[in-house]
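# Inside the fold
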Amino acid sequence: MLDTNILILRRWIDPAELPDEMAISAITLAELSAGPHEVRRNDEQDIYDEHAERARRLEILQRAESEFDPVPFEAEAARIFGRLTAAVIGAGRKPRSRVVDLMIAATAIAEGLPLFTTNPGDFAGLDAVVRVVAVTRPFVPHERPAE
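None of these values were measured; they are calculated from a predicted model.

To continue, consider the environment of threonine 4. The residue threonine 4 is located in helix α1 (residues 4-9) in this model. Judged by relative accessible area, threonine 4 falls into the buried class, the value being 5%. Beyond its immediate sequence surroundings of up to four residues, threonine 4 is in contact with Thr28, Glu31, Leu32 and Ile104. Among the polar contacts made by the side chain of threonine 4, one reaches the side chain of threonine 28 at a distance of 3.1 Å. In terms of polar contacts, threonine 4 uses its side chain to reach the side chain of glutamate 31, at 2.4 Å.

Written out as structure tokens, the structure reads:
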């Protein structure tokens, strides 16, 4: 199962780091669907940049919709989500800020799939219940460095 960040960064990721057969969760599709609506202009961005970013996010969404039949978040994944929330709390972390990540992980577990991500830290403390496969985060020309 691919985490949302894999779909966003996929054009720059070495294909050898990804599985031959890939799946996404309906939760990932929901995140990608929200993406174009979340673009907001800031003081450093002009209207062209805003439109270009919205178009980039829409292209990622459309590619995902055409390539994947998302795995639904069903009752088994919902029950697993509860256990993952308990594991995150047990690890001293706050689950509320990780709800989407936990739902994607729960879907992967329910389907018996490993979870491929460029952000393995998002799943810290869950090693006993989900196999997280760390994918090298590529350099992306349009990303601003983290501050």
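Bringing the confidence of the model for the chain into the picture now. Residues at a pLDDT of 70 or more form 86% of the chain, whose mean pLDDT is 85. Least confident of the elements in the chain is helix α3 (residues 47-67), whose mean pLDDT is 78; most confident is strand β1 (residues 115-117), at 97.

Counting along an α-helix, one turn takes 3.6 residues, and residues three or four places apart therefore face a common direction. Look at helix α4 (residues 75-90): 23 Å from first C-alpha to last across 16 residues, which is about the 22 Å you get at 1.5 Å a residue. Those residues of α4 that sit buried are Ala77, Ile80, Leu84, Thr85 and Val88. All buried residues of α4 project into a common sector of 155° when viewed along the axis, lining one side. With respect to the buried face of α4, the exposed residues turned more than 90 degrees away are Arg79, Arg83, Ile89 and Gly90. Buried residues in α4 make contact with α5 (99-111). Remark: glycine 92 follows α4 within two positions and exhibits a positive phi of approximately 80°.

Summarising the element assignment, leucine 58 is placed in helix α3. Sequence separation between leucine 58 and histidine 37 is 21 residues, and the spatial gap between their C-alpha atoms is 9.4 Å.

This brings us to the packing of helix α2 (residues 26-34) against α5. Where α2 contacts α5, the two axes come as close as 8 Å, and the packing angle between them is 145°. Side by side, α2 and α5 meet where Ile27, Thr28 and Glu31 of the first sit next to Val100, Met103 and Ile104 of the second.

As a further point, take the packing of α4 against α5. α5 packs onto α4 with a crossing angle of 125° between their chain directions and a minimal axis gap of 8 Å. Accordingly, the angle class assigned to the pair α4 and α5 is oblique. Between α4 and α5 lies a crossing of right-handed hand. Two secondary-structure elements touch here, α4 through Glu76, Ala77, Ile80, Phe81, Leu84, Thr85 and Val88 and α5 through Val99, Leu102, Met103, Ala105, Ala106, Thr107, Ile109 and Ala110. A class-by-class count of the residues in the contact of α4 with α5 yields 12 nonpolar, 2 polar and 1 charged.

Relative to the elements of secondary structure, isoleucine 80 occurs in helix α4. Along the backbone, isoleucine 80 and isoleucine 109 are 29 residues apart, and their C-alpha atoms lie at a distance of 7.6 Å. Not counting residues up to four positions away in its chain, the partners in contact with isoleucine 80 are Ala106, Ile109 and Ala110.

With that settled, the discussion passes to the pattern of salt bridges. Here the idea is simple: oppositely charged side chains can pair when their charged atoms come close. Scanning the entire structure with this criterion turns up 4 salt bridges. Taking the shortest distance from any N to any O, the salt bridge between arginine 10 and glutamate 67 comes out at 2.4 Å. With arginine 10 in the loop between α1 and α2 and glutamate 67 in helix α3, this residue pair connects regions lying 57 residues apart in the sequence. Glutamate 67 sits in the partly exposed class, given a relative accessible area of 40%. A salt bridge links glutamate 59 to arginine 11, with the nearest nitrogen and oxygen atoms 3.6 Å apart.

The rules behind each value
Residues numbered from 1 in each chain as written. Predicted model: local features only at pLDDT ≥ 70, side-chain atom pairs only at ≥ 80, totals over all residues. Heavy atoms only, no water. Helix = DSSP H or I, 4+ residues; strand = E, 2+ residues; numbered from the N terminus. Buried < 20%, exposed > 50% of the residue type's maximum accessible area, 1.4 Å probe, protein only. Contact = heavy atoms within 4.5 Å. Polar contact = N/O pair within 3.5 Å; in protein donor to acceptor, adjacent residues only side chain to side chain. pLDDT = per-residue confidence, 0-100. Expected span 1.5 Å × (residues − 1). Arc of directions from axis to C-beta. Axes fitted to C-alpha atoms, helices over the stretch in contact; angles between N-to-C directions. Parallel < 35°, antiparallel > 145°, perpendicular 65-115°, else oblique. Left-handed = near helix turned anticlockwise from the far one by under 90°. Nonpolar A, V, L, I, M, F, W, Y, C, P; charged D, E, K, R; others polar. Salt bridge = Lys/Arg side-chain N within 4 Å of Asp/Glu carboxyl O.

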